[in-house]
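If you want the building blocks of each chain, they are given just below.
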Amino acid sequence: MVELAAFAFVFVAGFVTALATGLGAVPFFFVSEVSDRWNVALWGIASGIMLSASVFGLVLEALGAYVRVSLSGLAIDPIPDRVLLLLGAGLLAGVALVYVAHDVIEAAEVDPRQYEEADFKKLVLILGVLTVHSFPEGVAVGVSFADLGLAGGTRLFGFVVPLLAIFMTIAISIHNVPEGLAISIPLRTMGVADWKLVWWSVFSSLPQPIGAVLAFYFVRVAREFLPAGFGFAAGAMIYLVLTEFIPEALEAGAGLPGGGRRELSAGVAAGVLAMIPLLFV
């Protein structure tokens, strides 16, 4: 049986990623707007981090017993068909979740100007829409904590925490900063107060600690399905990057020389390089 303290620890990690979204609104306390160049670069950094964490972290973790990466090279043992099937099914399920989330978000007409006057029913609607958007990110955090308390991690606050979980929490947190910025920009143009920008940014990611706890519980009680869990989180994040983050960056950089592709490429490269240590832990 999983201890309650472990659930609380994973919930706190997920909540930290949600709080990080509020950092996206902080620049508006000091400047009236964030330049398109920096906005594109931030989306690029977030994309690079998410892609690296998905491939080098989650996918390789799912195949950890059969694939080993070190400074001396790559070693691959025969991978059982069952593991590949679970990983593949997880990847497809993650993509499917985000695909459905896209449809739900596109179908839901939520006017930011209604936020401050939103009644209970409207708040429930907004929370439901945002849940399907940010839930996969919470799942990625929860899955990465699968080995919490087991050997091979780093001791933090009385827990043995997997290095993958530390990297994933940092990766999702960094990714949430430009997402908070993206949420704050239209609200700022409508006259929403600075401190409320922080609140609505954090609010948009509140499903993440919930998703983290649910995913953590699943992979702990059904460890034989762990490759599917890692695949699900990786598939959701990769598809999210390709269909939301990169298009969002290119849209923000449409007025820049070259359409912002230079800033985006530099951001992605910086994000990938920042996560390269995942290969060697």
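Each value, and the rule that gives it
Residues numbered from 1 in each chain as written. Predicted model: local features only at pLDDT ≥ 70, side-chain atom pairs only at ≥ 80, totals over all residues. Heavy atoms only, no water. Helix = DSSP H or I, 4+ residues; strand = E, 2+ residues; numbered from the N terminus. Buried < 20%, exposed > 50% of the residue type's maximum accessible area, 1.4 Å probe, protein only. Contact = heavy atoms within 4.5 Å. Areas by Shrake-Rupley, 256 points an atom, 1.4 Å probe, with all protein chains shown as cover. Axes fitted to C-alpha atoms, helices over the stretch in contact; angles between N-to-C directions. Left-handed = near helix turned anticlockwise from the far one by under 90°. Expected span 1.5 Å × (residues − 1). pLDDT = per-residue confidence, 0-100. Core = buried A, V, L, I, M, F, W, Y, C linked by side-chain atoms within 4.5 Å. Phe/Tyr/Trp six-rings, centres within 6.5 Å; stacked < 30°, edge-to-face > 60°. Patch = residues over 30% accessible without salt bridge, like charges linked within 9 Å, V, L, I, M, F, W, Y side chains within 5 Å. Salt bridge = Lys/Arg side-chain N within 4 Å of Asp/Glu carboxyl O. Polar contact = N/O pair within 3.5 Å; in protein donor to acceptor, adjacent residues only side chain to side chain.

Looking only at helices and strands, the protein features 9 helices and 4 strands. Starting at the N terminus, the α and β elements of the protein follow one another as α-α-β-β-α-α-β-β-α-α-α-α-α. Per-residue burial for the protein yields a buried fraction of 46% across its 281 residues. Restricting to contacts in the protein with at least 6 residues of sequence separation, those with at least 24 account for 81%. When the accessible surface of the protein is totalled, it reaches about 13,400 Å², and 69% of it is carbon and sulfur.

Before going further, it helps to spend a moment on the environment of proline 178. Inspection of the secondary structure assignment puts proline 178 in helix α5 (residues 163-189). Setting aside its immediate chain neighbours within four residues, proline 178 contacts Leu42, Trp43 and Ala46.

Further remarks concern the packing of helix α2 (residues 36-62) against helix α9 (residues 261-275). Where α2 contacts α9, the two axes come as close as 6 Å, and the packing angle between them is 35 degrees. The two elements α2 and α9 meet at a crossing, and its hand is right-handed. Judged by residue contacts, Arg37, Val40, Ala41, Gly44, Ile45, Ser47, Gly48, Ile49, Ser52 and Ala53 of α2 engage Arg262, Glu263, Leu264, Gly267, Val268, Ala270, Gly271, Val272 and Met275 from α9.

Taking 1.5 Å of rise per residue, the 19 residues of helix α1 (residues 4-22) would be expected to cover 27 Å, and the 28 Å separating its terminal C-alpha atoms lies within 8% of that figure. Turning to α1, its buried residues are Ala6, Phe7, Phe9, Val10, Ala13, Gly14, Thr17, Ala18, Ala20, Thr21 and Gly22.

Moving on: helix α7 (residues 207-221). Its 15 residues place the ends of α7 22 Å apart at the C-alpha level, agreeing with the 21 Å of an ideal helix rising 1.5 Å per residue. Considered for burial, the residues of α7 that qualify are Pro207, Gln208, Pro209, Gly211, Ala212, Val213, Ala215, Phe216 and Val219.

Turning our attention to the confidence of the model for the protein. The predicted model of the protein has a mean per-residue pLDDT of 78, with 79% of residues at 70 or higher. The secondary structure element of the protein with the lowest average pLDDT is helix α4 (residues 120-144), at 64, and the one with the highest is α1, at 90. Contacts for the low-pLDDT stretch residues 115-123, under 50 throughout, to residues beyond four places or in other chains number 10 contacts.

Contact geometry of α1 with α7 gives a least axis separation of 7 Å together with a crossing angle of 145 degrees. In the packing of α1 onto α7, the handedness of the crossing is right-handed. Contact residues: Ala6, Phe7, Val10, Phe11, Gly14, Phe15, Thr17 and Ala18 in α1; Gln208, Pro209, Ala212, Val213, Phe216 and Tyr217 in α7.

Along the polypeptide, serine 173 turns up in helix α5. Residue serine 173 is classed as buried on the basis of its relative accessible area of 12%. Apart from the residues lying within four places of it in its own chain, the contact partners of serine 173 are Val16, Thr17 and Ala20.

A few words now on the nonpolar core. Among the nonpolar cores identified, the biggest contains 53 residues, and Leu58, Phe145, Leu148 and Met168 are the most heavily contacted of them. Broken down by element, this core gets its largest block of residues, 12 residues, from helix α8 (residues 226-252). When sequence neighbours within four positions are dropped, the list of residues in contact with leucine 148 reads Ala6, Phe9, Val10, Phe159, Val160, Val161, Pro162, Phe216 and Arg220. Residues Ala25, Phe28, Val192 and Leu197 belong to the second largest nonpolar core, which totals 5 residues.

Attention shifts here to the packing of aromatic side chains. This model, assessed by the stated rule, comprises 7 aromatic pairs. With centroids separated by 5.8 Å and ring planes inclined at 55 degrees, the aromatic side chains of tryptophan 199 and tryptophan 200 adopt a geometry described as tilted. Overall, tryptophan 200 belongs to the buried group, its relative accessible area being 8%. Ring-pair connections join several aromatic residues into one group, and the members of that group are Phe7, Phe216 and Tyr217.

A grouping of Phe11, Val12, Phe15, Val16, Leu19, Ile210 and Leu214 is seen on the molecular surface, where their side chains present a nonpolar patch of about 600 Å² in accessible area. Relative to the elements of secondary structure, phenylalanine 15 occurs in helix α1. Overall, the relative accessible area of 33% leaves phenylalanine 15 in the partly exposed class.

Time to look at the side chain of threonine 169. Mapped onto the fold, threonine 169 is located in helix α5. Look at threonine 169 and you get buried, because its relative accessible area is 12%. At 2.8 Å, the side chain of threonine 169 forms a polar contact with the backbone oxygen of alanine 165. Once residues within four sequence positions are removed from consideration, threonine 169 is found in contact with Ala13, Thr17, Val141 and Phe145.

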